[in-house]
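Chain by chain, the residues:
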Amino acid sequence: MCKGLAALPATCLKSAKDIKHKIGFLLQKPDPPQEQKTLKEKEKEKPKVTAVNRVPLAEIEKWKTSFNDLIKNEDGRKAFTSFLQSEYSQENIEFWEACEDFKQTSVDKMNVKAKKIFERYVEADSPSEVNLDSATRELTRKNLERCDASCFEEAQSKIFTLMEKDSYRRFLKSKLFLDLSPPLLDNKPCSLEKKGKRHVCDLSQCLPSCA
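Conventions adopted
- Numbering of residues starts from 1 in each chain and follows the order in which that chain's sequence is written.
- Residue-level local features of this predicted model are given only where pLDDT is at least 70; pairs of side-chain atoms are given and counted only at 80 or more, and the full residue set underlies all totals for whole chains, interfaces and linings.
- Side-chain numbers come from the whole structure's heavy atoms, not from hydrogens or water.
- In this text, helices come from DSSP runs of H or I with a minimum length of four residues, and strands from runs of E with a minimum of two, each type numbered from the N-terminal end.
- Note on exposure labels: buried denotes an accessible area under 20% of the residue type's maximum, exposed denotes more than 50%, and partly exposed covers the range between, all computed with a 1.4 Å probe on protein chains only.
- Working definition of accessibility: Shrake-Rupley area with a 1.4 Å probe, residue cover restricted to the visible protein chains.
- For this document, the term salt bridge refers to a Lys or Arg side-chain nitrogen within 4 Å of an Asp or Glu carboxyl oxygen.
- To obtain an axis, a line is fitted to C-alpha atoms, over the contacting stretch when the element is a helix, and the angle between two such axes runs from 0 to 180 degrees between their N-to-C directions.
- Orientation labels follow simple angle bins: below 35 degrees gives roughly parallel, above 145 gives roughly antiparallel, 65 to 115 gives roughly perpendicular, and whatever is left gives oblique.
- Note on contacts: a residue pair qualifies if any of its non-hydrogen atoms lie within 4.5 Å across the two residues.
- In this count, Pro and Cys sit with the nonpolar residues alongside Ala, Val, Leu, Ile, Met, Phe, Trp and Tyr, while Asp, Glu, Lys and Arg are called charged and the others, Gly among them, polar.
- Expected helix span is given by 1.5 Å per residue-to-residue step, counting one fewer step than there are residues.
- This arc corresponds to the set of directions leading from the helix axis out to the C-beta atoms.
- By the criterion applied in these results, polar contacts are pairs of N or O atoms within 3.5 Å in which, for protein atoms, one can donate a hydrogen and the other can accept it, and in which residues neighboring in sequence qualify only through two side-chain atoms.
- Buried Ala, Val, Leu, Ile, Met, Phe, Trp, Tyr and Cys residues form a nonpolar core when they are joined through side-chain atoms within 4.5 Å.
- Note that His is not counted, nor are the chain ends; the positive residues are Lys and Arg, and the negative ones are Asp and Glu.

A.B. asks: Which residues make up the overall build of the protein, and what are the values?
C.D. replies: When helices and strands are tallied, the protein shows 13 helices and two strands. Expressed as a percentage of its 211 residues, the buried residues of the protein come to 27%. Surface summary for the protein: the accessible area is close to 15700 Å², and the carbon and sulfur share equals 55%.

A.B. asks: Run through the pattern of salt bridges, naming residues and quoting values.
C.D. replies: Inspection of the entire model under this criterion finds 13 salt bridges. Between glutamate 59 and lysine 62 there is a salt bridge; the shortest N-O distance is 3.8 Å. Linking glutamate 59 with lysine 62, this pair stays in helix 4 (residues 57-65), spanning three residues, or about one helical turn. Across the salt bridge formed by glutamate 129 and arginine 137, the nearest N and O atoms sit 3.4 Å from each other. One connected set of salt bridges, linked through shared partners, spans Glu87, Asp166 and Arg170.

A.B. asks: So what's going on with the packing of helix 7 (residues 91-103) against helix 8 (residues 107-122)? Residues and values would help.
C.D. replies: Two packed helices can be described by the angle between their axes and the distance between those axes. Running from amino to carboxyl end, helix 7 crosses helix 8 at an angle of 170°, the nearest separation of the two axes being 11 Å. In terms of their interaxial angle, helix 7 and helix 8 are classed as roughly antiparallel. Note on element contacts: helix 8 touches helix 7 through Met110, Lys113, Ala114, Ile117, Tyr121 and Val122, opposite Glu91, Glu94, Phe95, Ala98, Asp101 and Phe102. Of the residues assigned to the contact of helix 7 with helix 8, the class counts are eight nonpolar, no polar and four charged.

A.B. asks: Summarise the packing of helix 9 (residues 134-143) against helix 10 (residues 153-165); cite the residues concerned and give the values.
C.D. replies: It is the contact of helix 9 with helix 10, at a shortest axis distance of 8 Å, that shows an interaxial angle of 145°. Facing helix 9, whose interface residues are Thr136, Leu139 and Thr140, helix 10 presents Glu154, Ala155 and Lys158. Per-class residue counts for the contact of helix 9 with helix 10 are two nonpolar, two polar and two charged.

A.B. asks: Describe helix 8, naming the residues involved and giving the relevant values.
C.D. replies: Its 16 residues place the ends of helix 8 21 Å apart at the C-alpha level, agreeing with the 22 Å of an ideal helix rising 1.5 Å per residue. Residues of helix 8 that are buried make contact with helix 7 and helix 9.

A.B. asks: An account of helix 9 is requested, with residue identities and associated values reported.
C.D. replies: Within the sequence span of helix 9, burial applies to Thr136, Arg137, Thr140 and Asn143. Seen end-on, helix 9 carries its buried residues on one side only, within an arc spanning 120°. Exposed side of helix 9, more than 90 degrees from the buried face: Ser134 and Ala135 are the residues found there. Those residues of helix 9 that are buried lie in contact with helix 8 and helix 10. Its side-chain oxygen at 3.2 Å from the backbone nitrogen of alanine 135, aspartate 133 defines the N-terminal cap of helix 9.

A.B. asks: Can you explain the nonpolar core? Please cite residues and give values.
C.D. replies: One finds Phe67, Phe80, Phe95, Phe102, Phe152, Met163 and Phe171 to be the most contacted residues of the largest nonpolar core, which totals 35 residues. Look past the residues within four positions of phenylalanine 67 in its chain and what remains in contact with it is Phe80, Phe160, Met163, Glu164 and Tyr168.

A.B. asks: Please set out the environment of serine 126 residue by residue, giving values where relevant.
C.D. replies: Mapping serine 126 onto the fold places it in the loop between helix 8 and helix 9. A relative accessible area of 11% means that serine 126 is categorised as buried. Here serine 126 is in contact with Glu119, Arg120 and Tyr121, once residues within four sequence places are set aside.

A.B. asks: Describe in detail the side chain of glutamate 91, supporting the description with residues and values.
C.D. replies: Mapped onto the fold, glutamate 91 is located in helix 7. Here glutamate 91 sits buried without a salt bridge, and the closest side chain of opposite charge, arginine 120, lies 9.1 Å off (N-O distance). Excluding its chain neighbours within four sequence positions, the residues that come into contact with glutamate 91 are Tyr121, Ser128, Glu129 and Val130.

Structural data, given as structure tokens:
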């Protein structure tokens, strides 16, 4: 120990050590609790949800009975896409839309676009691989050799059927779909007469309240 420090009282040395310890503790950046880490990770993993507009009741009634009406309607497709995003299975509707867009592609650009669609959705272990059997996957691969508007027809049909039998049924029971429907009128009739006397109907009891 240097001569100058040795001359200091023991209490001063102890205080200096305590201060050094506290500064060292403050300089250390503690790791966030595991629970906080998990919440942050979950926040990052949240899927992007497609915004859905309010839809007329007549359209919604069609969607209840026909998946084709739902998916061919722009608002219906947005609503269904939002639901699939919540289930982390939006690659199915993305592939279906890519196939629809491909059918409108000019002949000189078909080869390039078909290859991109195949590599993204159809090829095994692709970034957004859809659930196709090996036979359909191989057929689609061969179709690329004679690339035309029907190149993905079989694969698109298989994914359409998959969504119709699986995701569509859950979609109809989901909160997202039920929230699209406007509240129905209460079947309870308004009482205009009571004990022979006429009364004014309280509209608040007959009409749905507006949020």
